[in-house]
Amino acid sequence: MGNLKFKRVLIKLSGEALAGDGKFGIDPETVAGVCTEIAELADMGLEIALVIGGGNIFRGISSSAKGMDRSSADYMGMMATVMNAVAVQDQLEKLGHPTRVLSAITMQEVCEPYIRRRAERHLEKGRIVICAAGTGNPFFTTDTAAALRGMELKCQAIIKATKVDGVYDKDPVTNDDAVMFKSLSFIEVLQKNLRVMDSTAISLCMENNVPILVCNLFKGDVRKVILGEDVGTIVHGG
């Protein structure tokens, strides 16, 4: 425990990451790989809360842009995050780690309702907590949900695990000359309109002085960040 940079973190995973090489659905092999890394962090004594997006199943914003009512689309997206959460819970428990899914929308046959004190108690007992269904309200993204849950659960950092190595000045997938930032202030992220997290999430973290660490999910970088190694991009209040 002594060599960990943090005691408790919230890890934000995109739903798309769980689809693996596909564009849709849940790839069991990819989920197994992601969960293995999370389990290793838990074995080190780290207290972990997770927020998982639902874009591999349903994207509310995209559907509302095509004519669907935004509230209806967002609620469908929230339910998609619960499906991802249950898939991750199943794999984590196969690896021997007790995990609880707490949903902002009541689904008592599937998961527990999100109650802050209950979530904190699970973390204190060494259980991995997956916060599902976003904030429970339409018009808020899972980025905002991650920031909100991170504040509520007194996490020392928000780790955004992505498919790229950090925050770039342009999309590194389509631009070979993209430059990665090692460090950014919250104000710089907002002024440069960088797609780290949405502006509501950035503002929440800025107001509460909780750093955001952006790193690659598939290169073992989350573990390196937890150990204090200089990888990825840090967004802070400096």
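These numbers were taken from a predicted model, which means no experiment stands behind them.

Asks: Explain the packing of aromatic side chains here, please?
Replies: Working definition: an aromatic ring pair is given by the centre-to-centre distance plus the angle between the planes. Per the counting criterion, the structure on display carries zero aromatic pairs. Just above the ring of Y114 sits the side chain of R149; from NZ or CZ to the centre is 3.8 Å.

Asks: I tried to follow the UniProt feature "binding site: UMP" (unreviewed entry) in the protein on my own but got confused; where do I start?
Replies: Taking the UniProt record as the reference, the feature "binding site: UMP" (unreviewed entry) is found at G54, D74, T135, G136, N137, P138, F139, F140, T141 and T142. Inspection of the secondary structure assignment puts T135 in the loop between strand 5 (128-132) and helix 5 (142-152). T135 gets classed as buried once you look at its relative accessible area, which sits at 15%. Not counting the four nearest positions on each side in its chain, T135 is found in contact with A104, F140, A145, L148 and R149. Its location among the elements puts T141 in the loop between strand 5 and helix 5. Overall, T141 belongs to the partly exposed group, its relative accessible area being 25%. Polar side-chain contacts of T141 include one of 3.2 Å to the backbone nitrogen of T144.

Asks: What's the story with empty space enclosed by the protein in this structure? I'm lost.
Replies: Where empty space is left in the structure can be found by rolling a water-sized probe over the atoms. A full pass over the atoms with the stated rule returns one cavity of 30 Å³ or more. What lines the largest cavity is I11, L13, V34, E37, I38, L41, A161, L217 and V222. Among the elements of the structure, strand 1 (8-13) and helix 1 (28-43) are those that each provide at least two residues to the lining of the largest cavity. Among the elements that line the lining of the largest cavity, the one with the most residues is helix 1, at four residues.

Asks: Looking at this structure, I do not really get the nonpolar core. What am I missing?
Replies: Of all hydrophobic cores here, the largest spans 39 residues; its most connected members are I11, I48, L50, V88 and I159. Elements with a contribution of two residues or more to this core: strand 1, helix 1, strand 2 (47-52), helix 3 (70-94), strand 5, strand 6 (157-162), strand 10 (212-216) and helix 8 (221-226). In this structure, V88 is in contact with L18, V31, C35, L50, I52 and I130, ignoring residues within four places of it in sequence. Formed by 29 residues, the second largest nonpolar core is a distinct cluster that contains C131, I158, L184 and A201.

Procedures and definitions
Residues numbered from 1 in each chain as written. Predicted model: local features only at pLDDT ≥ 70, side-chain atom pairs only at ≥ 80, totals over all residues. Heavy atoms only, no water. Phe/Tyr/Trp six-rings, centres within 6.5 Å; stacked < 30°, edge-to-face > 60°. Lys NZ or Arg CZ within 6 Å of the ring centre and 35° of its normal. UniProt positions renumbered as here; feature names shortened; annotations may be inferred. Helix = DSSP H or I, 4+ residues; strand = E, 2+ residues; numbered from the N terminus. Buried < 20%, exposed > 50% of the residue type's maximum accessible area, 1.4 Å probe, protein only. Contact = heavy atoms within 4.5 Å. Polar contact = N/O pair within 3.5 Å; in protein donor to acceptor, adjacent residues only side chain to side chain. 1 Å grid on protein atoms, 1.4 Å probe; cavity = no way out; pocket = protein on both sides within 12 Å on 5 of 7 lines; lining within 4 Å. Points joined across faces, edges and corners; volume = space filled by probe spheres on them. Core = buried A, V, L, I, M, F, W, Y, C linked by side-chain atoms within 4.5 Å.

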